[in-house]
Amino acid sequence: MLSLEVLPEAQRAGHGSRLLAAAVDRLRSDGSETVTTWTLADDTARAAFLESSGLGEDGRSRTLATGVREVVEHRWSAAI
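Draft legend 1. Representation of the side chain of threonine 39 within the structure. Along the chain, threonine 39 falls in strand 1 (residues 34-40). The contact partners of threonine 39, leaving out residues within four places of it in the chain, are Arg46, Leu50, Val72, Glu73, His74 and Trp76.

Written as structure tokens, this is what we have:
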């Protein structure tokens, strides 16, 4: 599992798209046929980015206990 993030001050400059494209290229070269990621249920900005990148919610969700509160994540995926 790996988390890739773009600093808030660097967002909306194409870095996320390039990072995702590089990750997909690597997944393909490793023989993967899908890309999958999880995002917090209330992260509308990330959901919009993923949707614009061709990913979609696949109906899976999970609840994580963080020690402070529980958070819900939804799974997004796409064929590559």
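Draft legend 2. Examining the nonpolar core more closely. Membership of the largest hydrophobic core is limited to eight residues, which are Leu20, Val24, Val35, Ala47, Leu50, Leu55, Trp76 and Ala78. Of all the elements in the fold, those that place two or more residues in this core are helix 1 (15-29), helix 2 (44-52) and strand 3 (70-79).

Draft legend 3. Here's a closer look at the sheet that holds strand 3. Strand order in this open sheet of three strands is 1-3-2, and the pairing throughout is antiparallel. The outermost strands of the open sheet, each flanked by one partner alone, are strand 1 and strand 2 (56-65). This sheet shows a mean twist of 25° between the axes of neighbouring strands, independent of strand direction. Bridge count for strand 1 against strand 3 is seven bridges, and the pairing is antiparallel. Note on strand 3: the bridge partner recorded for threonine 37 is tryptophan 76.

Cut-offs applied
- Residues numbered from 1 in each chain as written.
- Predicted model: local features only at pLDDT ≥ 70, side-chain atom pairs only at ≥ 80, totals over all residues.
- Heavy atoms only, no water.
- Helix = DSSP H or I, 4+ residues; strand = E, 2+ residues; numbered from the N terminus.
- Contact = heavy atoms within 4.5 Å.
- Core = buried A, V, L, I, M, F, W, Y, C linked by side-chain atoms within 4.5 Å.
- Buried < 20%, exposed > 50% of the residue type's maximum accessible area, 1.4 Å probe, protein only.
- Pairing = 2+ DSSP bridges.
- Axes fitted to C-alpha atoms, helices over the stretch in contact; angles between N-to-C directions.

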